[in-house]
There are 4 protein chains.
Amino acid sequence: MQKIKVGIVGGTGYTGVELLRLLAVHPQVELVAITSRGEAGMPVADMFPSLRGYVSLPFVDPAQVDLGQCDVVFFATPNGVAMQQTRALLDKGVRVIDLAADFRIQDIAVWEKWYGMTHACPDLVSEAVYGLPEQNRAQIRGARLIANPGCYPTAVQLGFMPLLEAGVIDSAYLIADTKSGVSGAGRKAEVHSLFAEAGDNFKAYGVAGHRHLPEISQGLARMHGDAVGLTFVPHLTPLIRGIHATLYARLTGQVDLQALFEARYADERFVDVLPKGMHPETRSVRGSNQCRIAVHQPQGGDTVVVLSVIDNLVKGAAGQAVQNMNIMFDLDESSGLNVVPLLP
Amino acid sequence: MQKIKVGIVGGTGYTGVELLRLLAVHPQVELVAITSRGEAGMPVADMFPSLRGYVSLPFVDPAQVDLGQCDVVFFATPNGVAMQQTRALLDKGVRVIDLAADFRIQDIAVWEKWYGMTHACPDLVSEAVYGLPEQNRAQIRGARLIANPGCYPTAVQLGFMPLLEAGVIDSAYLIADTKSGVSGAGRKAEVHSLFAEAGDNFKAYGVAGHRHLPEISQGLARMHGDAVGLTFVPHLTPLIRGIHATLYARLTGQVDLQALFEARYADERFVDVLPKGMHPETRSVRGSNQCRIAVHQPQGGDTVVVLSVIDNLVKGAAGQAVQNMNIMFDLDESSGLNVVPLLP
Amino acid sequence: MQKIKVGIVGGTGYTGVELLRLLAVHPQVELVAITSRGEAGMPVADMFPSLRGYVSLPFVDPAQVDLGQCDVVFFATPNGVAMQQTRALLDKGVRVIDLAADFRIQDIAVWEKWYGMTHACPDLVSEAVYGLPEQNRAQIRGARLIANPGCYPTAVQLGFMPLLEAGVIDSAYLIADTKSGVSGAGRKAEVHSLFAEAGDNFKAYGVAGHRHLPEISQGLARMHGDAVGLTFVPHLTPLIRGIHATLYARLTGQVDLQALFEARYADERFVDVLPKGMHPETRSVRGSNQCRIAVHQPQGGDTVVVLSVIDNLVKGAAGQAVQNMNIMFDLDESSGLNVVPLLP
Amino acid sequence: MQKIKVGIVGGTGYTGVELLRLLAVHPQVELVAITSRGEAGMPVADMFPSLRGYVSLPFVDPAQVDLGQCDVVFFATPNGVAMQQTRALLDKGVRVIDLAADFRIQDIAVWEKWYGMTHACPDLVSEAVYGLPEQNRAQIRGARLIANPGCYPTAVQLGFMPLLEAGVIDSAYLIADTKSGVSGAGRKAEVHSLFAEAGDNFKAYGVAGHRHLPEISQGLARMHGDAVGLTFVPHLTPLIRGIHATLYARLTGQVDLQALFEARYADERFVDVLPKGMHPETRSVRGSNQCRIAVHQPQGGDTVVVLSVIDNLVKGAAGQAVQNMNIMFDLDESSGLNVVPLLP
């Protein structure tokens, strides 16, 4: 079988190097080009020595390469880049998977408010498929353009999905208390992400409003069939990788929660419902595309607590992007993703 | 002025060494004895070299020392030890501050259920004063016996107190999503507290029920004047010190939350209400007896979010114990506690 | 091709779970049994949820399983266990790879002094092959019994090997300043390995003498052809995985160090000599069987500095054991070890 | 007694906030001004909430304040700033303590080579006293201008000092293998200092040459009375605070090392020689001005190993600066420095 020709735009950040880690050993993929304006000419493995022996390509200037030769291009770029380049690629028959937020929000006005820029191609937003396979597998299969979900949104949506689809909770008062490792902030030189700032420290941030709020709200509304009320509080925790979402909702009736979750995800390769009473830990998915979920009903009351963990760089970014690619190209959905989590 | 003669029972754990850190330079304290059955004879500073030059005493066998000579004895022991020895000390006129849970829960049946033992002196429980100065300063002043609050309970109660006292939230649905550093588990050789287990990892635990739940519920009920409904989910985060409590409740009416909190804690030396819009971080109280609190009302909705941080070993244990001692002995409440947090 | 039947004795420690991580997806391996006296009956994936979906076996009591059916048995046990069981396995035609120290030291008196026990089978020690493939590949190929090297010894020996084989340093004054992550201490409940003890802390230990000293000295002597003088100082650093060895020696003549190292390791799949001037970092090998080495000659003087990093659980333990198995069974040496390091 | 009026130039970095932590509760100090060009007008405690309640001053623009009113000014600025402003201050009778490197190297050509700039006031360099009290206490007492030592240089010089002064080692082959926490890199937004880069990672850097090399060489030469040969290899370790220096040298004769070190430091308040056989750990000095040292002679051979730990921000920067101020102003040398290390 012919390999899929893959291009990566923006390979110097954490989602970029994570895509490379996964794609370098993906049996059906041929890496064609990894672009970087700033590092053009530098061997990728000089910047990321972990890739020595696996990736021999240099970064290439985006102006010097024709990505039209690719079957699929991943954008691992800051918000606002993919929307400038996607149409030209689609026109050449190249499929696009954007790991940033450019195509995630259907309501353009909402997107422009939260991301502070004018959208370059609103029509492509309506074409784009939100790449959460557990929700949209059928549409992903035929898609030209994928909006790969954010990290928090993946963990939160997978946690609330069985409850909202089954209609067993009060959708007006949902709480998502989420904790993220520092790699979620990207490989950007910022004081608040320094080891001496984020290490041995824990804090909430963005309580007044975080960009992932409208993305999550949109997704939950889709499951519920109507708008939901969500309080979303993100926290920064001294992990490198990992997101832990702790979700709270009020039950509106009797339901066997464990059975509900197990049934919903029975056929999902990358969502693992833990046995009753267990608590997932972030390291149990470190380096893997797995989401692990546990559902609790403390003291048998009417508050349900869902615990959902992912590796923010894998199921929350690059791994889910590869999963989407696998679906789009009719490969085994877990191809290249058969990675045992690294513990300890 | 004559110094207060202090004894410490159980000086080899983290609350013990923290008491020593604070008391060794407390201007009105004379350390008389630090007991340890297992380490008797060993200089304290051999076990904790951080105390070299500050503490010259050796650990002494409890059987070899008369704690009746002390003005006050701190119990930094496992649960169930203080209740065996307190009456004898009180009878000799020694005041007692228990950093464990023996005297925290007024309902003996509840205590016995959660702590799995028969209580040795229920009558002393009813005499004991719960040592949360911001709530019970007057009673602490005259007390012989102090039940020093737990770490989670301190952070959670201080966060909910203004809201419950003012009666502005629905007390039936309170949520406390709390995160603790690993020192909260004590200096015990347990696999789950190893660096290679708890490091670079995040998890919830005890969702079905944690010993601090009845203590918090009792305290919140006292503020509310009636029982409250509480969902309490603790998490372990890869910090050494620090607790971050994120509290959620539904407002029952219009209220200026910032003003409410600032007024409630205006005279409290150790509770710092942050300016509107800020988020406290655990390192901002590292090594100090401070609690820092911020109150938010995301998107102007009817859910209030309180962020409350303490150092679990100081305001959550040894520091609050010293604060209680200062009150009991009519010292300046901040004597020996004037420690600037260590940042970074 | 028929798969190799593999047994693991002692699967509850870090080298055990690491063997499982690698062997669970090794294309030519069938896991037959994982023994544990203490956890018999418990599914392996209940103890290590990272293995859910990959390992369905339960731990089995060693008394309840016939390991004679295996082609090879790995001992991931404390020192002193393998030497009790190896002869019976060898007699049944089972090959043995011991990840502990039982067969590493040829001088039995030295072994007994450092490990504090009487050796059960000195004759097997002389048969055992020291499983450092870069040194002993030919003997490993035909071996029945492999003494898998220790973690420090692997990093130190690979760093000194080119220099000693070429005879370009003063072998009487070798210095190995080594730093290890905490997982090197194993999954044992010990106070000094707690997160709150080993976290945010750095210290040397065992300066007066460490068990890996005689193992390293023996290996270096083999390279040099005579005894060497070695000062070995191990340190504990707040990493989970990783060893960094910084080696110092005095050059006895002019030599192109970079060329020497590159030539020595040109054909070695798992030793990567970095370009001149670079510094390897432990995370560049995290989760992989790679050793990365850089050689420096500061200020052009006559002191050579070698920097050598490995993942202590992979090239320093389980990965090297799998590499040895691959060689013993004439598989591709990198089979099952084609794992891209996890960065960040 | 009248308080000493103190100004701080450059208060937004880690040495700045550390000076503030110590000076805010120093009994003989009055903080007059903390300058920052970028943050002028902002309350210091808004940037560093740990100082809330202790420092009420705002940052002030250097152009808006007359530092001539101060008794002493600390420069906690990047290299090259203090040398521009020192003469004017000295002319007004203000004493100056520079925490950067401007006045540390007596050989101007060497300084200009390593620091890449032309020195603004070579004459002041020759006047400046190198502020290592254990070496230069007498000169510090009368000094107008102090060059506060670097962090590595402090730990290394205190470790080698007894050996070099006594002339018992081969000074031609000294090795300093040093490990630093990440706060040593300062509060600068740089990728390599990010939590996701420096966390769970260990590496050497600057093996070819580090700015602290000439400073250390100069200091060791002063002790030895002649030039020494030094190999200096710094490493970055995932700590926030702390330096661990492991020093190696060859003994030239018989000497009681323990007695030598104890005698040398018998009268030094801030150098603690540990009992024979112990290993200092960085956390045992966390937050304090202490240096702890142990001396070993492994296997009784002729290689001496010295272990020396400091908190890089205290004895390696701000604490030593305060110690120098205390000496200059005839205060108790430990005034304001009586801080028990924070453990755990």
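- An unreviewed UniProt entry lists chain A under the name N-acetyl-gamma-glutamyl-phosphate reductase, with Pseudomethylobacillus aquaticus given as the organism.
- Quoted verbatim from the Function (unreviewed entry) field of UniProt, the annotation for chain A is "Catalyzes the NADPH-dependent reduction of N-acetyl-5-glutamyl phosphate to yield N-acetyl-L-glutamate 5-semialdehyde."
- The UniProt entry for chain A carries the following comment under Subcellular location (unreviewed entry): "Cytoplasm".

**Observations regarding the overall build of chain A**
Here comes step 1: A tally of helices and strands in chain A yields 11 helices and 14 strands.
Here comes step 2: Since a compact globule built from 344 residues should have a radius of gyration of about 20 Å, the 20 Å found for chain A is in line with a globular shape.
Here comes step 3: Viewed in the frame of its principal axes, chain A has a C-alpha envelope of about 60 × 45 × 40 Å.
Here comes step 4: For chain A, buried positions account for 66% of its 344 residues.
Here comes step 5: Sequence separation of at least 24 residues holds for 70% of the intrachain contacts in chain A that already meet a minimum separation of 6.
Here comes step 6: Only carbon and sulfur atoms are counted for the fraction: they give 48% of the accessible area of chain A, which is about 10600 Å².

**What about the relation of the copies chain A and chain B?**
Here comes step 1: When chain A is fitted to chain B, the best match, at an RMSD of 0.0 Å, comes from turning it 180° and sliding it 0.0 Å along the axis. Each copy turns onto its partner about a two-fold axis. Minimal C-alpha separation from the rotation axis in chain A is found for proline 238 of chain A, amounting to 3.1 Å.
Here comes step 2: A symmetric contact is evident, with 100% of the interface residues of chain A recurring at the interface of chain B.

**Considering the pairing of strand 13 (residues 291–296) of chain C**
Regular strands place their side chains on alternate faces of the sheet.
Residues and elements named next belong to chain C.
Here comes step 1: Along strand 13, 6 of the 6 residues are buried, which leaves the element largely enclosed by surrounding structure.
Here comes step 2: Neither face of strand 13 is left uncovered, since the one carrying Cys291, Ile293 and Val295 and the one carrying Arg292, Ala294 and His296 both have all their residues buried.
Here comes step 3: Pairing of strand 12 (residues 271–273) with strand 13 involves 3 bridges; the strand directions are parallel. Counted as the bridge partner of valine 273 is isoleucine 293 from strand 13.
Here comes step 4: Relative to strand 14 (residues 303–310), strand 13 runs antiparallel, the two being bridged by 6 bridges. When the sheet's bridge partners are listed, valine 295 is paired in strand 14 with valine 306.
Here comes step 5: Where strand 13 hands over to strand 14, the hairpin turn is made up of 6 residues, of which glutamine 299 adopts a positive phi near 55°.

**Quick look at the interface of chain C and chain D**
Here comes step 1: With 45 residues of chain C at the contact, the number on the chain D side is 45 residues.
Here comes step 2: Linking chain C to chain D there are 6 salt bridges.
Here comes step 3: For lysine 179 of chain C, the salt bridge goes to aspartate 177 of chain D, with nearest N and O atoms at 3.2 Å.
Here comes step 4: Applying the counting criterion to the chain C and chain D interface returns 33 residue pairs in polar contact (both at pLDDT 80 or more).
Here comes step 5: Only strand 8 (174–180), helix 8 (195–198), strand 9 (203–204), strand 10 (230–236), strand 11 (243–250) and strand 14 of chain C provide two or more residues apiece to the side of chain C that touches chain D.
Here comes step 6: By residue class, the composition of the side of chain C that touches chain D is 20 nonpolar, 14 polar and 11 charged.

**With respect to the pairing of strand 1 (residues 4–9) of chain D**
Residues and elements named next belong to chain D.
Here comes step 1: Counting buried residues in strand 1 gives 5 out of 6 residues, a clear majority hidden from the surface.
Here comes step 2: Of the strand pairs in this sheet, strand 1 and strand 2 (residues 29–35) are connected by 6 bridges, and their pairing is parallel. Residue pairing across strands places valine 6 opposite leucine 31, the latter belonging to strand 2.
Here comes step 3: Both strand 1 and strand 4 (residues 72–75) contribute to a ladder of 4 bridges, which runs parallel. Within strand 4, the residue paired with isoleucine 8 across the bridge is phenylalanine 74.

**Brief notes about the UniProt feature "domain: Semialdehyde dehydrogenase NAD-binding" (unreviewed entry) in chain A**
Here comes step 1: Per the UniProt record, "domain: Semialdehyde dehydrogenase NAD-binding" (unreviewed entry) is annotated on residues 5–143 of chain A.
Here comes step 2: Secondary structure over residues 5–143 of chain A splits into 34% helix and 17% strand, and the C-alpha atoms at its two ends are 17 Å apart.

**Looking at helix 3 (residues 82–91) of chain B**
Residue and element names in this part refer to chain B.
Here comes step 1: If you check which residues of helix 3 are buried, you get Ala82, Met83, Thr86, Leu89 and Leu90. All buried residues of helix 3 project into a common sector of 115° when viewed along the axis, lining one side. Relative to its buried face, helix 3 has exposed residues pointing more than 90 degrees away, namely Gln84 and Asp91.
Here comes step 2: Contacts from the buried residues of helix 3 go to strand 4 (72–75), strand 5 (95–98), helix 4 (108–115), helix 5 (122–127) and strand 7 (145–147).
Here comes step 3: Glycine 93 sits one or two positions beyond helix 3 and adopts a positive phi of about 85°.

**Some details on the UniProt feature "active site" (unreviewed entry) in chain A**
Here comes step 1: Here the UniProt feature "active site" (unreviewed entry) sits at Cys151 of chain A.
Here comes step 2: Turning to its location among the elements, cysteine 151 of chain A is positioned in helix 7 (residues 151–166).

**Some remarks on the interface of chain A and chain B**
Here comes step 1: Across the boundary between the two partners, chain A contributes 45 residues, which contact 45 residues of chain B.
Here comes step 2: For the pair chain A and chain B, the summed buried surface comes to about 3800 Å²; carbon and sulfur atoms form 51% of the total.
Here comes step 3: Looking at the side of chain A facing chain B, the largest losses of area belong to Tyr173, Asp200 and Phe202 of chain A, adding up to 16% of the total buried there.
Here comes step 4: At the surface where chain A touches chain B, the tally comes to 6 salt bridges.
Here comes step 5: With a closest N to O distance of 2.5 Å, arginine 283 of chain A and glutamate 197 of chain B form a salt bridge.
Here comes step 6: Taken together, chain A and chain B are joined by 33 residue pairs in polar contact (both at pLDDT 80 or more).
Here comes step 7: The set of elements that each furnish at least two residues to the side of chain A that touches chain B consists of strand 8 (174–180), helix 8 (195–198), strand 9 (203–204), strand 10 (230–236), strand 11 (243–250) and strand 14 (303–310) of chain A.
Here comes step 8: A class-by-class count of the residues in the side of chain A that touches chain B yields 20 nonpolar, 14 polar and 11 charged.

Calculation rules
Residues numbered from 1 in each chain as written. Chains lettered and ligands numbered in written order. Predicted model: local features only at pLDDT ≥ 70, side-chain atom pairs only at ≥ 80, totals over all residues. Heavy atoms only, no water. UniProt positions renumbered as here; feature names shortened; annotations may be inferred. Helix = DSSP H or I, 4+ residues; strand = E, 2+ residues; numbered from the N terminus. Rg over C-alpha atoms; globule rule 2.2 N^0.38 Å. Buried < 20%, exposed > 50% of the residue type's maximum accessible area, 1.4 Å probe, protein only. Contact = heavy atoms within 4.5 Å. Areas by Shrake-Rupley, 256 points an atom, 1.4 Å probe, with all protein chains shown as cover. Least-squares fit on C-alpha atoms with pLDDT ≥ 70 in both. Pairing = 2+ DSSP bridges. Salt bridge = Lys/Arg side-chain N within 4 Å of Asp/Glu carboxyl O. Polar contact = N/O pair within 3.5 Å; in protein donor to acceptor, adjacent residues only side chain to side chain. Nonpolar A, V, L, I, M, F, W, Y, C, P; charged D, E, K, R; others polar. Arc of directions from axis to C-beta. Buried area = accessible area lost by both parts, 1.4 Å probe.

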